[in-house]
Amino acid sequence: MEGADNFNPEVIEILRSVAKDGSEIEELVNELNKALDSMHSPHAQQQYSSINAKYSTVLAKLDKIIRQSQLALARQEGTVEIRPFSPIQQTIPNSPSQPAQLVEHEEPKLHIHKPRHMFELFTTREMKLCDMPYPSLCGAIPANPDERIPIDEFVAAKVNDDDEEYILFYVAGYEDDETYIIVDAHDENPKAVKKHRSELLPLPTTLPKQKSSRVEYPTGSHVLALWPLDNDEWTSAFYPATVVKVPSKTGSCYTLRFEGDTDNDFKDVRENFVIRDPQGNK
């Protein structure tokens, strides 16, 4: 296998198994095609049970290949796995006189990153700088509601609906077009949470090359931001704050006054750590 020296030995074995199962599926599909071609014959009813069994076998092998491929990626990339939320139901073809049957098999596993890996990535990554025209999520430009938030992008969300605090999450998958599966970026025991798209506040993905009022929250506006700690460390929770100075004035960051601080207690926060406050009045 070309480049095999770069792979974990366990990954190589998994990929060999995937290749073997793939060739077996090809043979099964050829058998199914021949059986389907003969379905118009007088013996169609007797042949149906055989086709049904082969179809179920194909589904099971496809599921196995998906799982093994994801496992190989997980081993190679150093990610960990979590169990799926629910099984997938597949409908097998109708026989001439029988209703469709359902064959259940598990949804492919989701993969989440090692604890704190994504939080460290978020707080240390170098942001891409963009020229005009600025895309959505460049600085303070809002997200396009018609665009899906990609896997591994960061969002702020509440763990529970009645929580006041927003936490840093990343997108780990989707249940459907409107339901996202997100994971706490900082949790030592990461767990998947299902949230509707409307409950997520996407974080900036790029920053403007030229600082401008068009791509920043104005002075006096209400925002949510990570709280700066010592030694360039940050909280993983977002706290309400008011903008005192904007990046076009400071040259690099927002100067904020967090809720509860005194009038002269200001903190500098990076642009990509600041988002709009959905409860704010500006």
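The shown structure was predicted, so the numbers you read here are calculated from the model rather than taken from an experiment.

Visitor: Give a description of the side chain of His-113 that names residues and reports values.
Guide: Note that His-113 resides in the loop between strand 4 (110–112) and helix 3 (117–124). Here Asp-152 takes part through its side chain, which lies 3.1 Å from a polar atom of the side chain of His-113.

Visitor: Which residues make up the pairing of strand 15 (residues 267–270), and what values go with them?
Guide: By the alternation rule, side chains of strand 15 split into Lys-267 and Val-269, which are all buried, and Asp-268 and Arg-270, of which none is buried. As paired strands, strand 14 (residues 253–258) and strand 15 are joined by four bridges and run antiparallel to one another. In the sheet register, Cys-253 faces strand 15, and the bridge partner there is Arg-270.

Visitor: Any details on the pairing of strand 14? Residues and values, ideally.
Guide: The element strand 14 is extensively covered by neighbouring structure, given that five of its six residues are classed as buried. As paired elements, strand 13 (residues 234–245) and strand 14 share four bridges and run antiparallel to each other. Counted as the bridge partner of Thr-242 is Arg-257 from strand 14.

Visitor: So what about the environment of Pro-135? Which residues, and what values?
Guide: Relative to the assigned elements, Pro-135 resides in the loop between strand 5 (128–130) and strand 6 (154–157). Classification of Pro-135 as partly exposed rests on a relative accessible area of 34%. The sequence separation of Pro-135 and Pro-208 amounts to 73 residues, and the corresponding C-alpha distance is 9.4 Å. Setting aside chain neighbours within four positions, we find Pro-135 in contact with Cys-130, Ile-141 and Thr-206.

Visitor: A description of unusual backbone geometry should follow, citing residues and the corresponding values.
Guide: In this structure, Pro-133 follows Met-132 across a cis peptide bond, with omega equal to -5°. Locating Pro-133 in the fold gives a position in the loop between strand 5 and strand 6. Of note, the phi angle at Asp-152 is positive, near 75°, even though the residue is not glycine. Mapped onto the elements of the fold, Asp-152 is located in the loop between strand 5 and strand 6. A positive phi is found at Asp-232, a non-glycine position, where the angle reads about 60°. Among the structural elements, Asp-232 can be located in the loop between strand 12 (222–228) and strand 13. We classify Asp-232 as exposed; its relative accessible area is 52%.

Visitor: Please provide a residue-by-residue account of the environment of Pro-202, values included.
Guide: Mapping Pro-202 onto the fold places it in strand 10 (residues 201–202). Note on Pro-202: relative accessible area 16%, which makes it buried. On a C-alpha basis, the gap between Pro-202 and Ala-156 in space is 6.3 Å, while along the polypeptide they are 46 residues apart. In this view, Pro-202 contacts Leu-137, Ala-143, Ile-149, Phe-154, Val-155, Arg-197 and Ile-275; residues no more than four positions away in its chain are not counted.

Cut-off values and rules
- Position numbers for residues count from 1 along each chain, tracking the sequence in the order it is written.
- Reporting in this predicted model follows two pLDDT cut-offs: at least 70 for local features of residues, and 80 or more for side-chain atom pairs to be given and counted; totals over whole chains, interfaces and linings ignore these cut-offs and use all residues.
- The basis for every side-chain value is the complete set of heavy atoms in the structure, and neither hydrogens nor water enter the calculation.
- Only DSSP runs of H or I reaching four residues or more are called helices, and only runs of E reaching two or more are called strands; each is numbered from the N terminus.
- Residues adjacent in sequence count toward polar contacts only when both atoms are side-chain atoms; beyond that, a polar contact is any pair of N or O atoms within 3.5 Å, and within protein one must be able to donate a hydrogen and the other to accept it.
- The rule is simple: take the accessible area with a 1.4 Å probe, protein chains only, and divide by the maximum for that residue type; under 20% is buried, over 50% is exposed, in between is partly exposed.
- What makes two strands pair is DSSP finding at least two bridges between them.
- Two residues qualify as a contact provided that any one of their heavy atoms is within 4.5 Å of a heavy atom in the partner residue.

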